[in-house]
Amino acid sequence: MNMVCSRKLLICVLPVVLSACASDGSFDGVKATAIGVGVLAAAALDEDDVKQAASLSAKELDSKSLVATESSPYAKRLASITTGLHNYAGLKLDFKVYIAKDINAFAMADGTVRVYSGLLDAMPDDQVLAVIGHEIGHVKLKHSYRQMREQMLTNTAFQAIASAGGTIGQLTSSELGAIAYQAVNARFSQKDELESDQFAVKMLRSLGKDPNAMLRAVETLESLYGSGGGFLSSHPSNSQRKDEITKAIGAS
Ligand SMILES: [Zn+2]
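As a starting point, this report considers the structure included with it. All residue numbers refer to position in the chain's written sequence, counted from 1. Two thresholds apply to this predicted model, a pLDDT of at least 70 for residue-level local features and 80 or more for giving and counting side-chain atom pairs, whereas whole-chain, interface and lining totals are computed over all residues. Note that water and hydrogens are dropped before the side-chain values are worked out from all heavy atoms of the structure.

1. Overview of helix α4 (residues 125–140)
In plain terms, the rule: Comment: elements are numbered from the N terminus, with helices defined as DSSP H or I runs of at least four residues and strands as E runs of at least two. Take the residue count of a helix, subtract one, and multiply by 1.5 Å to get its expected span. Residue exposure (1.4 Å probe, protein chains only): buried if accessible area is under 20% of the type maximum, exposed if over 50%, otherwise partly exposed.
Compared with the 22 Å implied by 1.5 Å per residue over 16 residues, the 22 Å span of α4 between its first and last C-alpha is a close match. Among the 16 residues of α4, 13 are classified as buried, and the element is accordingly described as predominantly covered. Downstream of α4 by a residue or two, Lys142 has a phi angle that is positive, lying close to 65 degrees.

In structure tokens, the structure reads:
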């Protein structure tokens, strides 16, 4: 039994006018919503709650995806690339391969990291490791947590459960699937992307690997998608990104 499932979502219902909280009528990302005579003023959705939602939505997504079995060459290759990374930077990380042509990878706040076989086909090991470092960066630097929290606070299913004093465990599989979909298709800010690149450079260095692999990973995506495309290159331009990575390599 998962002890965390019994945690109640804390919702403050305050009979006050919300306009004092924020100029746009929102508080902590939640739009003012009338509940009886009170108002949904704040959702104390903490990091443990978000991590639990991430774990459940990852489980849901795994069940709907073609996960490479341990004996698959893809799974063996990912296991080899991620050797020694299951506990890294204070994070507990779980790696799996999805068999799909997408050149993609993503991570969630709980340390779930999924790499698509399309990415493994497109890059040599050192570049895959760089991409994984970038994804771990989003977890370690709490980009994944902040994004999922924000998304959950505006999710009507979550709001309904939270306002009734429910638990994360009450989210249905389709609601968890929707949360997972958002995580897979997460778009981070330019600042977050550049920070994650820098994290990857440091990680590669700390593992005794060539940090230039991060630069080469961006170049591989550029060769596949052109200067503006690719999942790693949606925000900063590739040239800006490569400049920043080169600076990070010089500084690390
Ligand atoms: Zn990213």
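What follows continues from the structure just given.
2. A look at the side chain of Gln151
Inclusion rule: Only heavy atoms matter for contacts: two residues are in contact if any of them lie within 4.5 Å across the pair.
Here Gln151 shows up in helix α5 (residues 143–153). In this structure Gln151 comes out as buried when scored by relative accessible area, which is 16%. Beyond its immediate stretch of four places on either side in the chain, Gln151 contacts Ala178, Ile179, Gln182 and Ala183.

3. A few points about unusual backbone geometry
Positive phi values are uncommon outside glycine, yet Ala89 reaches one of about 55 degrees. Looking at the secondary structure, you find Ala89 in the loop between β6 (87–88) and β7 (91–92). Positive phi outside glycine occurs at Lys142, with the angle close to 65 degrees. Residue placement: Lys142 occurs in the loop between α4 and α5. With relative accessibility at 34%, the residue Lys142 sits in the partly exposed group.

4. Section: helix α6 (residues 156–163)
Quick reminder of the rule: Polar contacts here mean pairs of N or O atoms no more than 3.5 Å apart (in protein, one a potential hydrogen donor and the other a potential acceptor; neighbouring residues in sequence count only if both atoms are side-chain atoms).
Every buried residue belonging to α6 is among Ala157, Phe158, Gln159, Ile161 and Ala162, and all of these are buried. Between a side-chain oxygen at the N-terminus of α6 and the backbone nitrogen of Ala157 the separation is 2.8 Å; the capping residue is Asn155. Looking one or two places after α6, you find Gly165, whose phi comes out positive at around 75 degrees.

5. What to know about the pattern of salt bridges
Spelled out, the test is: A carboxyl oxygen of Asp or Glu within 4 Å of a side-chain nitrogen of Lys or Arg is what we treat as a salt bridge.
Summed over the entire model, instances satisfying the criterion amount to 15 salt bridges. Between Glu195 and Lys191 there is a salt bridge, and its shortest N-O distance comes to 3.1 Å. Here Glu195 pairs with Lys191, and both are found in helix α8 (residues 190–206), just 4 residues apart, close to one helical turn. Given the relative accessible area of 55%, Lys191 is considered exposed. Look at the salt bridges and you will find they share partners, linking Asp62, Asp94, Lys96 and Arg114 into a network.

6. Some words on the coordination of the zinc ion
Put simply, the rule is: Coordination shells were defined by N, O and S atoms within 2.8 Å of each metal, extended to 3.2 Å for Na, K and Ca; water is absent from the atom set, which can make sites look incomplete.
Around the zinc ion, the protein contributes the donor atoms His134 (NE2), His138 (NE2) and Glu193 (OE), at 2.1 Å from the metal centre. In the primary sequence, the donor residues of the zinc ion line up as H-x3-H-x54-E. Remark: Glu193 occurs in helix α8 and His138 occurs in helix α4; sequence separation between them is 55 residues. Overall, the relative accessible area of 2% leaves His138 in the buried class. Its relative accessible area of 3% is what places Glu193 among the buried residues.

7. Thoughts on empty space enclosed by the protein
The test is simple: Put simply, the grid is 1 Å and covers the protein atoms alone, a cavity is a trapped set of points that fit a 1.4 Å probe, a pocket is an open set with protein on both sides within 12 Å along at least five of seven lines, and lining residues have an atom within 4 Å of a point. Grid points are joined across faces, edges and corners, and a volume is the space filled by probe spheres set on the points. The classification used treats Ala, Val, Leu, Ile, Met, Phe, Trp, Tyr, Cys and Pro as nonpolar, Asp, Glu, Lys and Arg as charged, and all other residues, Gly among them, as polar.
Within this structure, the stated rule accounts for 2 cavities of 30 Å³ or more. Considering only enclosed or pocket space, the largest cavity measures out at about 70 Å³ in volume. Around the largest cavity sit Ala107, Met108, Ala109, Ser144, Gln147, Met148, Gln151, Gln182, Ala183, Ala186 and Phe188, which together line it. No other element matches the 4 residues that α5 contributes to the lining of the largest cavity. Within the lining of the largest cavity, the residues separate by chemical class into 7 nonpolar, 4 polar and no charged.

8. Here we look at the sheet that holds strand β8 (residues 94–98)
Rules: Here, any two strands with at least 2 DSSP bridges between them count as paired. Interaxial angle, 0 to 180 degrees, is taken between N-to-C directions of lines fitted to C-alpha atoms, where a helix line uses only the stretch in contact.
One open sheet holds the 3 strands; their spatial order is β8-β10-β9, and the pairing between them is mixed. With partners counted over all chains shown, the strands left at the sheet margins are β8 and β9 (105–107), one partner each. Strand-to-strand twist of the sheet, defined as the mean angle between neighbouring strand axes without regard to direction, takes the value 15 degrees. Pairing geometry for β8 and strand β10 (residues 112–116), over 5 bridges, is parallel. Bridge assignment links Asp94 to a residue of β10, and that residue is Thr112. Set on the sheet, α4 makes contact with β8, β9 and β10; between it and β9 the angle comes to about 25 degrees.

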